[in-house]
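# Fold and geometry: a report
For reference, the chains in residue letters:
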Amino acid sequence: MKKGMRNLFLLSVLLFVGMFAFAGGGGETKDDVITIGYAVFNVGIDSYETYHNENFIAECERQGVELIQLDAQGDIARQINQVENLMQKDPDVIVIWPVHGKAIVPVVKKAHDEGFKIVIANSPIDETGFDYITAYAGPDNTQEGRDAAEMMIEAFEKRGITGQKKVVELMGLPGYVTAIERSDGFQEVLAQHPDFTLLATEPTDWNREKATRAMEDLLVKYKDLQGVYVADDNLGIGALNALKEAGRAGEVIMTSACIFGEGYDAMKEGYIQGTCYQYSGLDAINTVKVAVKVAKGEEVDFLSTFESPKVTPDNMDDFKRPEY
Amino acid sequence: MIKTLKANSIYRTIRKVVITGPIWAVLLGVFIIASVVTPDFLSLRNLTNILLQSSLNGMLAIGMTFLMINGYFDLSVGTAMGFCAVLTIGMQPYGLITAILAALVAGLAIGAINGLFVVKAKINAFVVTLAAFIGLRGLIFIYTGERSIVGQVDGFATFGMSEILGFPTLALLMLVFLVIAEFTLRKTGHGRNTYAIGGNAEAARNAGVPVERTTFINFMLCGLGAAIGGIFIASRMNAATPMLGWPDTNLKIIATVALGGTKLRGGFGSMIHTLGGLLTLAIISNSMDLLNVPSFYNRLSMGLILMLVVYIDAKFKPTAA
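All figures in this text were calculated on a predicted structure; none of them were measured in a lab. (Residues numbered from 1 in each chain as written. Chains lettered and ligands numbered in written order. Predicted model: local features only at pLDDT ≥ 70, side-chain atom pairs only at ≥ 80, totals over all residues.)

Take the overall build of chain B next. Helix and strand content of chain B: 14 helices and four strands. In terms of overall dimensions, chain B is globule-like: its C-alpha atoms have a radius of gyration of 20 Å, near the 20 Å expected for 321 residues. Taking the principal axes of the C-alpha coordinates as reference, chain B spans close to 75 × 55 × 35 Å. Sorting the 321 residues of chain B into buried and exposed places 52% on the buried side. Within chain B, counting contacts between residues at least 6 apart in sequence, those at least 24 apart form 77% of the total. (Helix = DSSP H or I, 4+ residues; strand = E, 2+ residues; numbered from the N terminus. Rg over C-alpha atoms; globule rule 2.2 N^0.38 Å. Buried ≥ 20, exposed ≤ 12 C-beta atoms within 10 Å, placed from the backbone. Contact = placed C-beta atoms within 7 Å.)

In structure tokens, the structure reads:
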């Protein structure tokens, strides 16, 4: 019995020491080195974020910035705790890729009130939180929506289609800022072209299967639709499945606000006529640059967006196929 | 010779502590290691953060402790929390008080339904609460339209972030509930009946303990804990997402309570020990965040510690409840 107890203690001590062993060099921060505290949404959720993360870490190393990164794994409650924990580490700037643009506001306010500088990455925070952040670093979603509308109009012109043109829209998650902005940008441009009619806007919650279902329904409801705008290529592939079933793939013009690898392939096959090159690596590098400037106390634009150029079948060879 | 004697007496003391409440030895170990290896860990602010961060799981664990001492567990506790959080936010147009009451009633009702199926229909608690776990998630999706919802009463988030004399309000509330729960367990007939049923339901029934009523009430207490936890989390962000508490909050809570030394078969355990389990997991999570350790290690360490405690639990039987 006694021997058993001793072994047990040994075992437990080993376990604890083992658990913390990898903490070795983690602790100390030098004063002259900039520290970024980064609360990230969910590194493993999709390839966009995985590549974003790899590039984020690499850019921090390149700039000699110390990075404290905490992954909320998609859990907003956990993210709030992590932002509080980051405040303990006293970083020069806190970067948050919010799990939820509205729910994060109270803790962002708390950090701001305690004197922290905050940069929001990739997905905008709700407007009620604007007063508490220094900058938003991410894509210009509204511009992407506008660009997708312009590429849609050009594609119709290129095919010589005249008269009243009828299009539909598959948007992302209603209430999610990125989805709203992409939708607004598209509709803003379309409204300036009276020869275009937007028949319907369907929510898909960023879900490919839902995009397929929504497109199937739309094809039945509006037999004469000629174009579809999707909030990203992932939804585009979903819509494409429905178009293929209906035998209308390639005939119905499709443009998207954000490129994915599969969408790149679909464009090559002639199914997508335009998309925006919102590259995950650029997004990450831009965010680190903005965060470093904020940490140093330099001026940055409140909306520090990066460019996501238009990609069409004509210029697509100038762009690398995204890995994701 | 003298040295060994001394060592033996220290050893005996430690052994005693480990046997009556192994969680305290574990907690102490975790605390010491965390203070040594984690800079900033011992700051007052961080310690209150840890309490704040355990307040939500604490409410769920309090309810679960009642039920586990009774000899059952509730897999639906995480989704029940999510559902109550969603109600707290979604019902705000009818007033904050109405919303909070709706959440409390919903929590009690969920507990009552679980309890009825287990007590009256004699269906296995695993199956009943698993069904509630899945069904409630569906209900959350229907109610929210699969979207995150946002509160209208702005002061609600202020409450969730507020402090009383530098101490987080939510943590304070959780500790108050914990003390009341411990008192209920130790000093009331309901508490004694709960231990008796968990120890030996047949003997308790023969001794005239109202087995069904007591079990039913404990299921409702578990639901109530989930409801208060849901209100807490809703107030932390003044919003609710359909994925709150999904997928493994339930297992985390059961692990917390088991870590505190409450027997899965029932009859033994206490709220104070549950607090030990709660703090242990919170400290690990907090210090790993401070050390910039990837989140996966959190779960790994939680699993390891749970195994250790269950091992101690199985090896060294407590002498008295």
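Following the structure, the description resumes.
All right, on to the overall build of chain A then. A tally of helices and strands in chain A yields ten helices and twelve strands. Across the 324 residues in chain A, those meeting the buried criterion constitute 52%.

Let's shift gears to the domain arrangement of chain A. Taken domain by domain, chain A holds domain 1 (32-133 + 280-307) and domain 2 (141-276). Its C-alpha centre places domain 1 of chain A at a distance of 31 Å from the equivalent point of domain 2 of chain A. (Domains from an automatic or database assignment.)

This brings us to the nonpolar core. Note on soluble globular proteins: their nonpolar side chains tend to be buried together. Core analysis: the largest hydrophobic core is formed by 147 residues, its most contacted members being Ile96, Val119 and Ala291 of chain A together with Met64 and Cys84 of chain B. The residues contacting Cys84 of chain B, other than those within four sequence positions of it, are Ala103, Ala106, Gly107, Ala226, Ala227, Gly230 and Ile231 of chain B. Counting residues in hydrophobic clusters, the runner-up holds 45 residues, among them Met151, Ala179, Ala211 and Tyr279 of chain A. (Core = buried A, V, L, I, M, F, W, Y, C linked by C-beta atoms within 7 Å.)

The next point concerns the sheet that holds strand S11 (residues 303-306) of chain A. Residue and element names in this part refer to chain A. Here six strands make up an open sheet; going across it, the order is S2-S1-S3-S4-S5-S11 and the pairing parallel. The two strands at the open ends of the sheet, each matched to only one other strand, are strand S2 (66-71) and S11. Taken over all neighbouring pairs, the strand axes of this sheet differ in orientation by 20° on average, direction set aside. Summarising the sheet, strand S1 (residues 35-40) and strand S3 (residues 93-96) pair through four bridges and their orientation is parallel. (Pairing = 2+ DSSP bridges. Axes fitted to C-alpha atoms, helices over the stretch in contact; angles between N-to-C directions.)

Working note: α-helix, 3.6 residues per turn, so residues spaced by three or four point in the same direction. Taking 1.5 Å per residue as the helical rise, helix H5 (residues 96-119) of chain B with its 24 residues ought to reach 34 Å, and the 34 Å between its terminal C-alpha atoms agrees with that figure. Close packing links the buried residues of H5 of chain B with helix H4 (77-90), helix H6 (125-144) and helix H11 (211-237) of chain B. (Expected span 1.5 Å × (residues − 1).)

Attention shifts here to the packing of helix H3 (residues 44-69) of chain B against H11 of chain B. All names here are of chain B. Their axes nearest at 7 Å, the elements H3 and H11 cross at an angle of 175°. Taken together, H3 and H11 sit at an angle that is classed as roughly antiparallel. Across the interface between the two elements, Ser55, Leu56, Met59, Leu60, Ile62, Gly63, Met64, Phe66 and Leu67 from H3 touch Asn218, Phe219, Leu221, Cys222, Leu224, Gly225, Ala226, Ile228, Gly229, Phe232 and Ile233 from H11. Tallied by class, residues from the contact of H3 with H11 come to 15 nonpolar, five polar and no charged. (Parallel < 35°, antiparallel > 145°, perpendicular 65-115°, else oblique. Nonpolar A, V, L, I, M, F, W, Y, C, P; charged D, E, K, R; others polar.)

Looking now at the pairing of strand S4 (residues 118-121) of chain A. Successive side chains on a regular strand alternate, one facing one side of the sheet and the next facing the other. All names here are of chain A. Residues of S4 alternate between two faces, with Ile118 and Ile120 on one and Val119 and Ala121 on the opposite face, all of them buried. When S3 meets S4, the two strands line up parallel, connected through three bridges. The residue of S4 that forms the bridge with Ile96 is Ile120. Traced from S3 through helix H4 (residues 105-113) to S4, the parallel crossover comes out right-handed. In this sheet, strand S5 (residues 135-139) lies alongside S4 in parallel orientation, the contact comprising three bridges. Directly across from Ala121, in S5, lies its bridge partner Ala137. (Right-handed = clockwise from strand over helix to strand, strands pointing away.)

Positive phi values are uncommon outside glycine, yet Asn122 of chain A reaches one of about 65°. Considering the arrangement of structural elements, one finds Asn122 of chain A in the loop between S4 and S5. Judged by local crowding, Asn122 of chain A falls into the buried class, with 24 C-beta atoms found within 10 Å. Backbone geometry places Leu165 of chain B, a non-glycine residue, at a positive phi of 50°. Within the secondary structure, Leu165 of chain B sits in the loop between strand S2 (163-164) and strand S3 (167-168). On the basis of neighbour counts, which here come to 5 C-beta atoms within 10 Å, the residue Leu165 of chain B falls in the exposed class.

Residue and element names in this part refer to chain B. Its place among the elements puts Ile305 in helix H14 (residues 295-315). On the neighbour-count criterion, Ile305 (24 C-beta atoms within 10 Å) is buried. Each C-alpha atom, one on Ile305 and one on Leu281, is 9.1 Å from the other, the two residues being 24 residues apart in sequence.

A few words on the confidence of the model for chain A. Mean pLDDT over chain A works out to 89, with 90% of the residues at or above the 70 mark. Segment residues 22-29 of chain A: pLDDT under 50, and eleven contacts once partners within four positions in sequence are set aside and those in other chains are kept. (pLDDT = per-residue confidence, 0-100.)

Okay, the packing of helix H3 (residues 76-88) of chain A against H3 of chain B next. How two helices pack is summed up by the angle between their axes together with the distance between the axes. Between H3 of chain A and H3 of chain B, whose axes approach to 10 Å, the crossing angle comes to 175°. What the angle tells us is that H3 of chain A and H3 of chain B run roughly antiparallel. From H3 of chain A, Ala77, Asn81, Glu84, Asn85 and Gln88 of chain A reach across to H3 of chain B, where they touch Arg45, Asn46, Asn49, Gln53 and Leu56 of chain B. Of the residues assigned to the contact of H3 of chain A with H3 of chain B, the class counts are two nonpolar, six polar and two charged.

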